[in-house]
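Architecture at a glance
If you want the building blocks of each chain, they are given just below.
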Amino acid sequence: MNCELVISLSPNKNAREKFLSLYNAIHNSELKIEDVHIEPYMIENIAHNGLYNDVSMLIDNKIIIFVEHQSTVNVNMPLRCLEYVTELYSRMVQTDNKYNSKIISLPAPEFYVMYNGKTKVPEESTIKLSDAFCKNRYSNILGLDLVVKVFNIKKEDNPDILKRSKILNDYSTFVNYVEFAKKQKLTKPIQYAIDKCIKENILTDYFSQLSKEEREMIFTNEYDYETDIRVKTKEAFEDGEQKARLEDAVTAVKEFNIPLELAVEKFNVRREELKQNL
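Now for a quick tour of the structure.

Under the counting rule described, the total for this entry stands at eight salt bridges. A salt bridge links Glu 87 to Arg 91, with the nearest nitrogen and oxygen atoms 2.9 Å apart. Here Arg 91 and Glu 87 lie together in helix H2 (residues 77-92), a separation of four residues that amounts to about one turn. According to the relative accessible area criterion, Glu 87 is partly exposed, its value standing at 31%. Taking the relative accessible area as the measure of exposure, Arg 91 reaches 43% and is therefore partly exposed. Across the salt bridge formed by Glu 124 and Lys 149, the nearest N and O atoms sit 3.2 Å from each other. Here Glu 124, found in strand E6 (residues 124-128), pairs with Lys 149, found in strand E7 (residues 147-152); they are 25 residues apart in sequence, far enough to count as distant. Under the relative-accessibility criterion, Glu 124 is labelled partly exposed at 41%. Overall, the relative accessible area of 29% leaves Lys 149 in the partly exposed class. Here the salt bridges share partners, and the residues they tie into one network are Glu 261, Arg 271 and Glu 272.

A separate point is the side chain of Ser 172. Of note, Ser 172 is situated in helix H4 (residues 166-183). Among all residues touching Ser 172, those that are not within four sequence positions of it are Ile 153, Lys 154, Lys 155 and Leu 162.

Moving on: unusual backbone geometry. Even without glycine at this site, Asn 28 takes up a positive phi of about 50°. The topology assignment puts Asn 28 in the loop between helix H1 (13-27) and strand E2 (37-40). Of note, the phi angle at Asn 201 is positive, near 60°, even though the residue is not glycine.

Every buried residue of helix H5 (residues 189-199) is listed here: Pro 189, Ile 190, Ala 193, Ile 194 and Cys 197. Viewed along the axis of H5, the buried residues span an arc of 135°, placing them on a single side of the element. Directly after H5, the chain includes Asn 201, whose backbone phi takes a positive value near 60°.

Turning our attention to the pairing of strand E5 (residues 108-115). Of all eight residues in E5, six are buried; the element is thus mostly enclosed. In the sheet, E5 pairs with E7 via five bridges, with the strands oriented parallel. Directly across from Val 113, in E7, lies its bridge partner Val 150.

Here the focus is the packing of H4 against H5. The contact between H4 and H5 brings their axes to 8 Å, and the two run at 135°. With respect to H5, the axis of H4 lies oblique. Between H4 and H5 lies a crossing whose hand is right-handed. Across from Phe 174, Tyr 177, Val 178, Phe 180, Ala 181 and Lys 182 in H4, the residues of H5 making contact are Pro 189, Ile 190, Tyr 192, Ala 193, Ile 194, Lys 196 and Cys 197. Residue composition of the contact of H4 with H5, grouped by class: eleven nonpolar, no polar and two charged.

Cut-offs used in this document
Residues numbered from 1 in each chain as written. Predicted model: local features only at pLDDT ≥ 70, side-chain atom pairs only at ≥ 80, totals over all residues. Heavy atoms only, no water. Salt bridge = Lys/Arg side-chain N within 4 Å of Asp/Glu carboxyl O. Helix = DSSP H or I, 4+ residues; strand = E, 2+ residues; numbered from the N terminus. Buried < 20%, exposed > 50% of the residue type's maximum accessible area, 1.4 Å probe, protein only. Contact = heavy atoms within 4.5 Å. Arc of directions from axis to C-beta. Pairing = 2+ DSSP bridges. Axes fitted to C-alpha atoms, helices over the stretch in contact; angles between N-to-C directions. Parallel < 35°, antiparallel > 145°, perpendicular 65-115°, else oblique. Left-handed = near helix turned anticlockwise from the far one by under 90°. Nonpolar A, V, L, I, M, F, W, Y, C, P; charged D, E, K, R; others polar.

Encoded structure:
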């Protein structure tokens, strides 16, 4: 069997076996580690927080992209995946080759979200990029689409897929322990879940290899997607507000001869920043 498998994490055998287990679970296949050629492939700083920390594979001329998403199913995931795979193709193909007369062979992409949130969703569902397109009289002419398949990996909702993959089952167990600790109002629910998993030999190899800094980051990072977006939106608003105040201060000084110190105080801007823009 001629297969190429590229993973976005470390090339050790355990990692390869786990991601092959994940691939087999969603495709209901039984590929063996000895049947596939595996190479490490790192993709950094692509798209919004989340995608570049998840898993991308190349197997049987297909790009397989797994995205873990915790709280709710993000209906804009197809757009994020489009950004991701566009960047991926761009890195795969040399610029000069894009202008050749011969067609460039590209691996076909597949996109999967592993959902473990609280909202009830089907065992399997799909989200399409075309669902976001504005409707008009030409809507039946589709020039582009991207489909993301969503797998519910909650134990109580979709036990069958968890039976096909130990890594998925272990991860789902870890999430359940976190949720249990939160309901009990423990001060460090993630640390509680990690300690309990290690005692039960669940994801032990992963948790044991984390550095002190990585553990602290996990323990203190209680963000979910919505929180992340709210914070970034607030920051963007504040940045825009600051920029508007600076522009008003520059106008006041330049056009109305307001003293610099008075403009700094009136518009609440930094003195040095105002001077640089005059």
